[in-house]
Amino acid sequence: QEYLVESGGGSVHPGGSLRFSCAASKKFYVMNWYRQAPGKDREFFTSITSDGITHYADDVKGRFTISRDNAKNTMYLQMNSLKPEDTAVYFCHARNKYELRDFWGQGIQVTVSS
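Residues numbered from 1 in each chain as written. Predicted model: local features only at pLDDT ≥ 70, side-chain atom pairs only at ≥ 80, totals over all residues. Heavy atoms only, no water.

With that out of the way, let us pick up the state of the cysteines. One pass over the structure, following the stated rule, counts one disulfide. Note that cysteine 22 is cross-linked by a disulfide to cysteine 92, the S-S spacing being 1.9 Å. Every disulfide takes its handedness from the sign of the S-S torsion; for cysteine 22 and cysteine 92 that torsion is -85°, giving left-handed. Taken together, the positions of cysteine 22 in strand S3 (residues 18-24) and cysteine 92 in strand S9 (residues 88-95) put the pair 70 residues apart, joining distant regions of the chain. Here cysteine 22 matches cysteine 92 in class, with each residue buried. (Disulfide = S-S within 2.5 Å. Helix = DSSP H or I, 4+ residues; strand = E, 2+ residues; numbered from the N terminus. Buried < 20%, exposed > 50% of the residue type's maximum accessible area, 1.4 Å probe, protein only.)

Let's shift gears to the sheet that holds strand S1 (residues 4-8). The sheet built from four strands is open, its strands ordered S1-S3-S8-S7 with antiparallel pairing. Looking along the sheet, the strands with just one partner apiece sit at the ends: S1 and strand S7 (64-69). With direction set aside, neighbouring strand axes in the sheet form an average angle of 15°. As paired strands, S3 and strand S8 (residues 74-79) are joined by six bridges and run antiparallel to one another. Across the sheet, the residue bridging to arginine 19 is glutamine 78, located in S8. (Pairing = 2+ DSSP bridges. Axes fitted to C-alpha atoms, helices over the stretch in contact; angles between N-to-C directions.)

Right, dumping it as structure tokens:
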């Protein structure tokens, strides 16, 4: 069975940090993070390929870092300098190289507030 299981998240004050992990059943070609704030569409914000090529949306550049350990089939997301607008449900996502099927983690709430 192919799966993604997220761990981490929580509530922090502005400027704080959180670290997520996403444990996968296999080495997916590309792994991603999406987030969905209340009343908004689900938004892509970072990705990493199995070769370590990364992409970041402008609003998280310099604050978030994506990485992966292929031996453990696990992806990590380090989030620093968190802002209230980062409040959302965060979803791990993955795809195989020659398939366009979507595999999703269960979603974890991140709340950044004073």
